[in-house]
Amino acid sequence: MILVLIGYMASGKSTIGNKLAKKLNYKFIDLDDYIKKKENLSVADIFKSKGEIYFRKQESHYLNELLQTKGNMILSVGGGTPCYSNNMELILQSRFVRSIYLKASISTLVKNLTKNKNERPLIAHLKTDESLTEFIGKHLFERISYYSQAEIQIITDAKSKKEIVEEIVLNLF
Ligand code: S3P
């Protein structure tokens, strides 16, 4: 079984994914880290030197590869992964794959992203809280139709990591 965690940047996919993997005794893979290893470049450097279109092509390629893996795994994907190519369709249609959307409000995302936006090429240029809020609002609006197709949706605002993990497990089994 592969459990795919989707959601906007800084919605907690990697942190929750790690904890969930420990709880269920599943392997944990973060798609951005996997791309980094395979390409020998950070995501920011791929964007800079090869461009976003190249990144999206490789992202889709490695997602395909990982979704064919046998065994139990939590796969946390990038915020844009479900929104490009036929990635969301693939996640939804693959056998033994279930999808979970970690749904965070704009204010939670702004709070989380303010702390570490520099390694994220799509938002690193946004200097103020206002510009970040405006960008996330519009961006989330464009992406929500993809995220909302996930089988399980968990509202994460004001919940502890432990509560989120427990809610996911309750919804899964
Ligand atoms: C992106 C999200 C990032 C990373 C890349 C693009 C996006 O992943 O894949 O910077 O389009 O939202 P995280 O969601 O893990 O930050």
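The structure displayed is predicted, hence computed values, not measured ones. (Residues numbered from 1 in each chain as written. Predicted model: local features only at pLDDT ≥ 70, side-chain atom pairs only at ≥ 80, totals over all residues. Heavy atoms only, no water.)

Observations regarding the sheet that holds strand β1 (residues 2–6)
Logical step 1: Taking strand neighbours across the sheet as the criterion, the five strands line up as β2-β3-β1-β4-β5 in an open arrangement whose pairing is parallel. In this open sheet, the two edge strands, each paired with only one partner strand, are β2 (27–30) and β5 (152–155). The average undirected angle you get between the axes of adjacent strands in this sheet is 20°.
Logical step 2: Relative to strand β3 (residues 73–76), β1 runs parallel, the two sharing four bridges. Residue pairing in the sheet places Leu5 in a bridge with Ser76 of β3.
Logical step 3: The sheet contacts of helix α4 (residues 52–67) involve β1, β2, β3 and β4 (97–103), and relative to β3 the element is tilted by about 170°. (Pairing = 2+ DSSP bridges. Helix = DSSP H or I, 4+ residues; strand = E, 2+ residues; numbered from the N terminus. Axes fitted to C-alpha atoms, helices over the stretch in contact; angles between N-to-C directions. Contact = heavy atoms within 4.5 Å.)

What about the layout of surface pockets?
Logical step 1: In this model, the largest pocket occupies a volume close to 930 Å³.
Logical step 2: Taken together, 42 residues form the lining of the largest pocket, with Met9, Ala10, Ser11, Gly12 and Arg120 sitting closest to its centre.
Logical step 3: Of all the elements in the fold, those that place two or more residues in the lining of the largest pocket are α1 (13–24), α2 (31–39), α3 (43–50), α4, α6 (106–115) and α8 (161–172). (1 Å grid on protein atoms, 1.4 Å probe; cavity = no way out; pocket = protein on both sides within 12 Å on 5 of 7 lines; lining within 4 Å. Points joined across faces, edges and corners; volume = space filled by probe spheres on them.)

Remarks on the nonpolar core
Logical step 1: Val4, Leu67 and Leu75 are the most contacted members of the largest nonpolar core, which totals 38 residues.
Logical step 2: Broken down by element, this core gets its largest block of residues, five residues, from α4.
Logical step 3: In this view, Leu67 contacts Ile2, Val4, Leu75, Leu90, Ile91, Ser94 and Val97; residues no more than four positions away in its chain are not counted.
Logical step 4: Ranked by size, the runner-up nonpolar core spans 17 residues in total, among them Leu3, Leu102, Ile168 and Leu172. (Core = buried A, V, L, I, M, F, W, Y, C linked by side-chain atoms within 4.5 Å. Buried < 20%, exposed > 50% of the residue type's maximum accessible area, 1.4 Å probe, protein only.)

Overview of the site of the ligand
Logical step 1: Taken together, 13 residues lie around the ligand, and Lys13, Asp32, Arg56, Arg120 and Arg143 are the ones closest in.
Logical step 2: Within the side chain of Lys13, an N or O atom sits 2.5 Å from an oxygen atom of the ligand.
Logical step 3: With respect to the ligand, the side chain of Arg120 contributes an N or O atom lying 2.8 Å from an oxygen atom.
Logical step 4: The fraction of the free accessible surface of the ligand (390 Å²) that becomes covered by protein chains is 94%. (Near = heavy atom within 4 Å. Polar contact = N/O pair within 3.5 Å; in protein donor to acceptor, adjacent residues only side chain to side chain. Areas by Shrake-Rupley, 256 points an atom, 1.4 Å probe, with all protein chains shown as cover.)

Remarks on the pairing of β4
Logical step 1: Taking burial as the measure, the seven residues of β4 include six buried ones, the bulk of the element.
Logical step 2: As paired strands, β1 and β4 are joined by five bridges and run parallel to one another. Counted as the bridge partner of Ile2 is Val97 from β4.

Some points on α6
Logical step 1: Restricting attention to buried positions, one finds in α6 the residues Thr108, Leu109, Val110 and Leu113.
Logical step 2: Tucked into the core, α6 has its buried residues touching α7 (129–147).

Quick look at the packing of aromatic side chains
Logical step 1: For the structure shown, the criterion picks out three aromatic pairs.
Logical step 2: Relative to Phe55, the ring of Phe47 lies with its centre 5.0 Å away and its plane at 45°, an arrangement referred to as tilted.
Logical step 3: Residue Phe47 is classed as buried on the basis of its relative accessible area of 15%.
Logical step 4: Between the aromatic rings of Tyr101 and Tyr147, the centroid separation amounts to 5.2 Å while the plane-to-plane angle is 40°, which identifies the pairing as tilted. With Tyr101 in strand β4 and Tyr147 in helix α7, this residue pair connects regions lying 46 residues apart in the sequence.
Logical step 5: Judged by relative accessible area, which is 1%, Tyr101 ranks as buried. (Phe/Tyr/Trp six-rings, centres within 6.5 Å; stacked < 30°, edge-to-face > 60°.)

Coordinates in, geometry out; function isn't part of it.
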